[in-house]
Amino acid sequence: QESASTAAGDDDERAHVTMPSKDCETVQEFVTSIRDGHRVWPDAETANNADFPSWFVPFGCRTDMSLSTEDVMEMLGQFSNIFWLGDSISRQSYIGFRMLLSQDFISGGKHLLRNASGNNRGIDPSAICQCDGLFSEHDVCRAYEETWRYFNVTSIDHQGDSLTTSLAYEEVRETKMMAEYAESGFKDIQCGEDKRPVLVIVQGGLHMKVEPVPTLELFHSIWHHPKLRECEDNGTPIVFIWMGLGAQHKSLDPRFPHQAWEPKVRFNRKIDSALRSNNSGIPSNVIFMDILNMTKNAETSDGVHAVIDVNYMQAVYSLRIADAVVREQSFARLPRD
């Protein structure tokens, strides 16, 4: 990932590919570069083989992936609250974000072990969870996430003032769970005094059998939440980013045919179309990130969950796109029916 993200316009020494020479600047450029990009392999004999390392080459323009902690903090400082809401795929993106903050790309998941001391299944989490979300995926590790799901970060703006951003991640797989989280998770948003935007990054579909309609319904309680409406009415902008479904390892297609490539292509297209349709029940200006080409034949930890390079890129692109939305003032508008 380092070579692909820092190659500028020159030939990459490891993958022998030419990255775009232009930097992405607008929301549409970022979105298109992800949607229409492709992966490359350093060895022709392993091309399109998900069991070997590869690099993602964006289409049309490049994005600098080498963000420092200071860069990340500056971007975060633009928002009062940031929420990651989705299933375990969203969790991977969130772990990528934590790597951004820690700058630890070897054992960035070690924060999961803060309160881990074993469990009734006889599994020692210290032996399996340190790299969870980076190179592995184990359900037992999710039991030790409460210490890092919610936290605040403090940054300094250009005037030297201190800015606090509240961050939250929640794994929500069902409509009822989403509604319950919205009631508890959004209640503390202070949008009356703080006019900085609220950023909501959503993702879903696997637990809805890759069906667009129930997946859209999953987020109904978010689109129509009174606290977000209160924020919008008080002049606090809302930024919505929807992260589409990624590809799974082909070996899983016989077992999970509804999660194979073609169903996910149809799913992402239908979600993107619905978000553009001006449907009265869906916010306008929701940014859709189609990550299928980014994840096609990428390495995975278990066939479904991507490893470090994809998770990290999803986090970077999410922040870059949110930053561009703020620059362009192309905020979401909530439905009012």
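The shown structure was predicted, so the numbers you read here are calculated from the model rather than taken from an experiment.

(A) Structural context of the state of the cysteines. Taken as a whole and assessed by the stated rule, the structure comprises 2 disulfides. There is a disulfide in this structure between Cys 24 and Cys 61, and the S-S distance comes to 2.0 Å. Taking the sign of the torsion about the S-S bond as the criterion, the disulfide between Cys 24 and Cys 61, at about 90°, is right-handed. Taken together, the residues Cys 24 in the loop between α1 (2-6) and α2 (27-35) and Cys 61 in the loop between β2 (55-57) and α3 (69-76) connect sequence positions 37 residues apart. Classification of Cys 24 by relative accessible area gives buried; the value is 9%.

(B) Broad picture of the pairing of strand β6 (residues 198-202). Across the 5 residues of β6, 5 count as buried, placing the element largely inside the fold. Judged by which residues are buried, β6 turns out to be covered on both faces: Val 198, Val 200 and Val 202 on one side and Leu 199 and Ile 201 on the other are all buried. Sheet analysis places β6 next to strand β7 (residues 238-243), joined by 5 bridges and oriented parallel. Counted as the bridge partner of Ile 201 is Ile 241 from β7.

(C) Main features of the nonpolar core. Counting residues in each nonpolar core, the largest one holds 52 residues, and the members touching the most others are Leu 76, Phe 97, Leu 100, Ile 241, Tyr 317 and Ile 321. If you tally residues by element for this core, the top one is helix α12 (residues 308-328), at 13 residues. Counting residues in each nonpolar core, the second largest holds 39 residues, with Phe 83, Ala 182, Leu 218 and Leu 334 among its members.

Cut-offs applied
Residues numbered from 1 in each chain as written. Predicted model: local features only at pLDDT ≥ 70, side-chain atom pairs only at ≥ 80, totals over all residues. Heavy atoms only, no water. Disulfide = S-S within 2.5 Å. Helix = DSSP H or I, 4+ residues; strand = E, 2+ residues; numbered from the N terminus. Buried < 20%, exposed > 50% of the residue type's maximum accessible area, 1.4 Å probe, protein only. Pairing = 2+ DSSP bridges. Core = buried A, V, L, I, M, F, W, Y, C linked by side-chain atoms within 4.5 Å.

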